[in-house]
Amino acid sequence: MAETHVLFVEDDDVIREATQLALERDGFAVTAMPDGLSGLEAFRADRPDIALLDVMVPGLDGVSLCRRIRDESTVPVIMLSARADSIDVVLGLEAGADDYVTKPFDGAVLVARIRAVLRRFGHASGGGQPGNGEPDQQPVGGVLVFGDLEIDTEGMEVHRAGEHVALTPTEMRLLLEFSAAPGTVLSRDKLLERVWDYGWGGDTRVVDVHVQRLRTKIGQDRIDTVRGFGYKLRP
């Protein structure tokens, strides 16, 4: 079976080489690039299963590279940031990244986060056959209608006022969680567990940014914020 292909963009030679070796030991095929422009070229040439991008790389920074990738593909993207409280984290998520990992990172933690992202995108976890980029769990029920919003839970398509809405797989999974329990408040921790496959505490900024991205696509008033508790889909 084909290996899961990781594009890794990192300008620090030591980190790039050590991380590449660690990922390859865990069964991934890795293309490692030292800057954003070469990373973009490698992405277009190789079409990897997942992209791992450092925020601060020369030429084309990681956030800009993420935007360029997202313009062309829904491939999962994980950002690497040296500071957990950096605005770069939010900028990366707003650019379309699905998750982030703070440096310095433990190799086992990085692999676990990569595998968690791949699972929810339908890919195998290292050394396995990649999937088709669709969420790996699909609820049954045909088309759900919420005002002008239509969600085809079998065809994995969303329309708003008759117009197709392009969602990334992470955004689609988030919307499916909301639509499965309209009017029910879902906490950030619960969404981290169900959508991001976090079996441990995670940064709730990941949820907040994705909810905001989803709102811009399906309507700002479609998802309500319940202060101190979480979010709910308006029935």
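One numbering rule holds for all chains: residues counted from 1, following each sequence as written. At least 70 in pLDDT is required for a residue's local features to be given in this predicted model, at least 80 for side-chain atom pairs to be given and counted, and no such filter applies to totals for whole chains, interfaces and linings, which use all residues. Note that water and hydrogens are dropped before the side-chain values are worked out from all heavy atoms of the structure.

Colleague: Could you clarify how one ought to interpret the sheet that holds strand β8 (residues 157-160) in this entry?
Modeller: Paired through their backbone hydrogen bonds, the strands of a sheet run either parallel or antiparallel. In this analysis, strands are considered paired if DSSP registers two or more bridges between them. Helix and strand definitions follow DSSP, with helices as H or I runs of at least four residues and strands as E runs of at least two, each counted in order from the N terminus. Taken together, 4 strands build an open sheet; the order of strands is β6-β7-β8-β9 and the sheet is antiparallel. Two strands in the sheet have a free side with no partner beyond their single neighbour: β6 (143-146) and β9 (163-165). In this sheet, adjacent strand axes meet at a mean angle of 25° when their direction is disregarded. For strand β7 (residues 149-152) and β8, the ladder comprises 4 bridges, and the chain directions are antiparallel. In the sheet register, D152 faces β8, and the bridge partner there is E157. The convention used is that axes are lines fitted to C-alpha atoms, helices contributing only their stretch in contact, and that angles between N-to-C directions extend from 0 to 180 degrees.

Colleague: What should I look at first to understand the pattern of salt bridges in this one?
Modeller: A side-chain nitrogen of Lys or Arg and a carboxyl oxygen of Asp or Glu constitute a salt bridge if their distance falls within 4 Å. Enumeration according to the criterion identifies 17 salt bridges in this entry. Between R115 and D26 there is a salt bridge, with the nearest N and O atoms lying 3.6 Å from each other. In this pair, R115 is assigned in helix α5 (residues 107-120) and D26 in the loop between α1 (13-25) and β2 (29-33), connecting sequence segments 89 residues apart. Partly exposed residues are those whose accessible area sits between 20% and 50% of the maximum for their type, while under 20% is buried and over 50% is exposed, using a 1.4 Å probe and protein chains only. D26 sits in the partly exposed class, given a relative accessible area of 32%. With a closest N to O distance of 3.0 Å, K103 and D54 form a salt bridge. Linking K103 in the loop between β5 (99-102) and α5 with D54 in strand β3 (residues 50-54), this pair joins segments that are 49 residues apart in sequence. In this structure, K103 and D54 share a single accessibility class: buried. Bridged by salt links that share partners, the residues E10, D54 and K103 form one connected network.

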